[in-house]
Amino acid sequence: MMQKIETIEQYNRLFGEETKHPLVTVVEVKDYQPQPDELTQTTKYGLYAIFLKQGVGCRLRYGRETYDYQAGSIVTMAPGQVVTTEFIEGEHSSWKALLFHPDLLFGTPLTERIREYGFFGYDQREALHLSDDERRTIEDTFAHIAHELEHAIDQHSNQLLTVYVQLVLDYCLRFYDRQFITRHKANSTLISRFEKLVDDYLANGQLVSKGHPTVAWCASELCLSANYFGDLVRKELGGTAKDFITQKILALAKQELRTTDTPISLVSERLGFSSVSHFTRLFKAHTGQTPSQYRLLSA
């Protein structure tokens, strides 16, 4: 059965915590051991959540994928996401959690900035692995939020809490960027697989039957979430995955235009464009020339 966590009060109640603010909480759970019939728990969140794992007593499952995340790693949730936690029988689990309701952000700069934190769209298997220093930084910031929650709510509370929440998010962003760098070798292999995936797609004539490959499709074929894959490509290539795919398609277009007399309408069709005008607009946007001009100047 799926449980739904829609409010801060609901989450606090699960672990016997007092609700000190209706829109944000910091909870530390120590040595949690569920009953035998509660070893698998599926939860849908209506909150933003950042979990800092401190023990080794559970696994997370997202869809069919299972991720054994280690102590000192972070997993994030966004409203609407569903996660299954599989507790290991006989083991104790410990974690710290920061949860905040979307309403906390209303009227603050974080309302717009929340979109910049793409890690809320990562799968659980794409968790953030922290060094000891990074873990202490996150714990210290959690502690600042917990300290602020001890104060009675006043006209400054939401602003101060939002500043601290944004600080946690900015640290997570920095540490994810570091993780992309330290995993450069593994990421380079993924980029090579991405390039081969696109090349094979184009070579097998799928442009005509299926249209252009999407970033989501490529990510799925590589067993990554679209957000994580998009961020990885930006860090490795300095551009977006969509631009990479587009450049591959335009390279085929240039070859056709330089070496054949195939009508531009047919070139457009073979390359999976919905119309000649779409092909022409995209080609000119990237080359500064229309397909006809490019063919003429390349003759």
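Note that the coordinates shown come from a computational prediction; the quantities given were computed from them, not determined experimentally.

Chemist: Give a description of the sheet that holds strand 2 (residues 24–32) that names residues and reports values.
Modeler: With antiparallel pairing, the 5 strands of this open sheet are ordered in space as 2-9-4-7-10. This sheet does not close on itself; its edge strands, each paired only once, are strand 2 and strand 10 (128–129). Here 2 bridges tie strand 7 (residues 73–77) to strand 10, and the two strands are oriented antiparallel to one another. Looking across to strand 10, one finds that serine 73 is bridged to histidine 129. Seen against the sheet, helix 3 (residues 132–149) touches strand 2, strand 4 (48–53), strand 7, strand 9 (93–100) and strand 10 and runs at an angle of roughly 120° to strand 2.

Chemist: Tell me about the packing of helix 3 against helix 4 (residues 157–182), residues and numbers included.
Modeler: Put simply, helix 3 and helix 4 touch, their axes get as near as 10 Å, and they point 170° apart. Taken together, the axis directions place helix 3 and helix 4 in an arrangement best described as roughly antiparallel. In this structure, helix 3 contributes Glu134, Thr137, Ile138, Thr141, Phe142, His144, Ile145, Glu148 and Leu149 to the contact, and helix 4 contributes Ser157, Leu160, Leu161, Tyr164, Val165, Leu167, Val168, Tyr171, Cys172, Phe175 and Arg178. Here the residues of the contact of helix 3 with helix 4 sort into 13 nonpolar, 4 polar and 3 charged.

Chemist: Got a sec to walk through the packing of aromatic side chains? Specific residues and values, please.
Modeler: Between two aromatic rings, the relevant description is the distance of the centres plus the angle of the planes. This model, assessed by the stated rule, comprises 19 aromatic pairs. Ring geometry for tyrosine 48 and phenylalanine 100: centres 5.0 Å apart, planes at 15°, overall stacked. Residue tyrosine 48 is found in strand 4, and its partner phenylalanine 100 is found in strand 9; the two are separated by 52 residues along the sequence. Both residues of the pair, tyrosine 48 and phenylalanine 100, count as buried. Ring pairing ties together the aromatic residues Tyr48, Phe100, Tyr117, Phe119, Phe120, Tyr122, Tyr176, Phe180 and Tyr228, which thus form one cluster.

Chemist: Outline empty space enclosed by the protein, supporting the account with residue identities and numerical values.
Modeler: This model, assessed by the stated rule, comprises 1 cavity of 30 Å³ or more. Of the volumes computed, that of the largest cavity is approximately 40 Å³. Lining the largest cavity, in full, are Lys20, His21, Glu148, Leu149, His151, Ile153, Ser157 and Leu161. Grouping the amino acids of the lining of the largest cavity by side-chain chemistry returns 3 nonpolar, 3 polar and 2 charged.

Chemist: Could you give an account of the side chain of lysine 96, with specific residues and numbers?
Modeler: Take lysine 96: it is sitting in strand 9. For lysine 96, a relative accessible area of 17% translates into the label buried. Excluding residues within four positions of it along the chain, lysine 96 makes contact with Val27, Glu28, Ile50, Phe51, Leu52, Gln54, Glu139 and Phe142.

Chemist: Which residues make up the environment of serine 209, and what values do they have?
Modeler: Along the polypeptide, serine 209 turns up in helix 6 (residues 206–210). Using a relative accessible area of 58% as the deciding quantity, one classes serine 209 as exposed. Separated by 61 residues in the primary sequence, serine 209 and arginine 270 have C-alpha atoms spaced 9.4 Å apart.

Chemist: Describe in detail helix 4, supporting the description with residues and values.
Modeler: The first and last C-alpha atoms of helix 4 sit 38 Å apart over 26 residues, in line with the 38 Å expected at 1.5 Å per residue. Taken together, the buried positions of helix 4 are occupied by Ser157, Leu161, Thr162, Val165, Val168, Leu169, Cys172, Phe175, Tyr176, Gln179 and Phe180.

Chemist: Break down the packing of helix 4 against helix 8 (residues 226–237) for me, with residues and values.
Modeler: Put simply, helix 4 and helix 8 touch, their axes get as near as 10 Å, and they point 65° apart. Between helix 4 and helix 8 the crossing geometry is right-handed. Each of Asp177, Gln179 and Phe180 in helix 4 lies in contact with helix 8, whose residues at this interface are Tyr228, Asp231, Leu232, Lys235 and Glu236. Looking at the contact of helix 4 with helix 8, its residues break down into 3 nonpolar, 1 polar and 4 charged.

Chemist: Give me the layout of surface pockets: which residues, what numbers.
Modeler: Here the second largest pocket defines a volume of roughly 220 Å³. Contributing to the lining of the second largest pocket are 13 residues, with His212, Pro213, Lys242, Ile245 and Thr246 lying nearest its centre. Those elements that place two or more of their residues in the lining of the second largest pocket are helix 9 (241–259) and helix 11 (276–287). In terms of residue count, the dominant contributor to the lining of the second largest pocket is helix 9 (6 residues). Its residues assigned to classes, the lining of the second largest pocket comprises 7 nonpolar, 4 polar and 2 charged.

Cut-offs used in this document
Numbers given to residues run from 1 along each chain, matching the order in which its sequence is written. Per-residue local features of the predicted model are confined to residues with pLDDT of at least 70, and side-chain atom pairs are confined, for both listing and counting, to 80 or more; whole-chain, interface and lining totals are unaffected and use all residues. The side-chain figures draw on all heavy atoms in the structure; neither hydrogens nor water molecules are used. Two strands are counted as paired when DSSP detects at least two bridges linking them. A run of DSSP states H or I qualifies as a helix once it reaches four residues; a run of E qualifies as a strand once it reaches two. Both are numbered from the N-terminal end. It only takes one pair of heavy atoms within 4.5 Å for two residues to be counted as in contact. All axes are obtained by fitting lines to C-alpha atoms, using only the stretch in contact for helices, and the reported angles, taken between N-to-C directions, cover 0 to 180 degrees. The labels follow the angle: roughly parallel below 35 degrees, roughly antiparallel above 145, roughly perpendicular from 65 to 115, and oblique for the rest. Residue polarity follows a fixed list, in which Ala, Val, Leu, Ile, Met, Phe, Trp, Tyr, Cys and Pro are nonpolar, Asp, Glu, Lys and Arg are charged, and the others, Gly among them, are polar. For this analysis, a ring pair means two rings from Phe, Tyr or Trp (six-membered ring only for Trp) whose centres lie within 6.5 Å, classed as stacked if their planes differ by under 30 degrees, edge-to-face if by over 60, and tilted for the remaining angles. Each residue is assigned to one of three classes by its accessible area relative to the maximum for its type, calculated with a 1.4 Å probe on protein chains only: buried under 20%, partly exposed between the two thresholds, exposed over 50%. The rule is simple: put a 1 Å grid over the protein atoms alone, call a set of points where a 1.4 Å probe fits but cannot get out a cavity, call an open set with protein on both sides within 12 Å along at least five of seven lines a pocket, and count a residue as lining if it has an atom within 4 Å of a point. Grid points are joined across faces, edges and corners, and a volume is the space filled by probe spheres set on the points. To estimate the expected span of a helix, count its residues, drop one, and scale the result by 1.5 Å. A clockwise turn of the near helix away from the far one marks a right-handed crossing, whereas an anticlockwise turn of less than a right angle marks a left-handed crossing.

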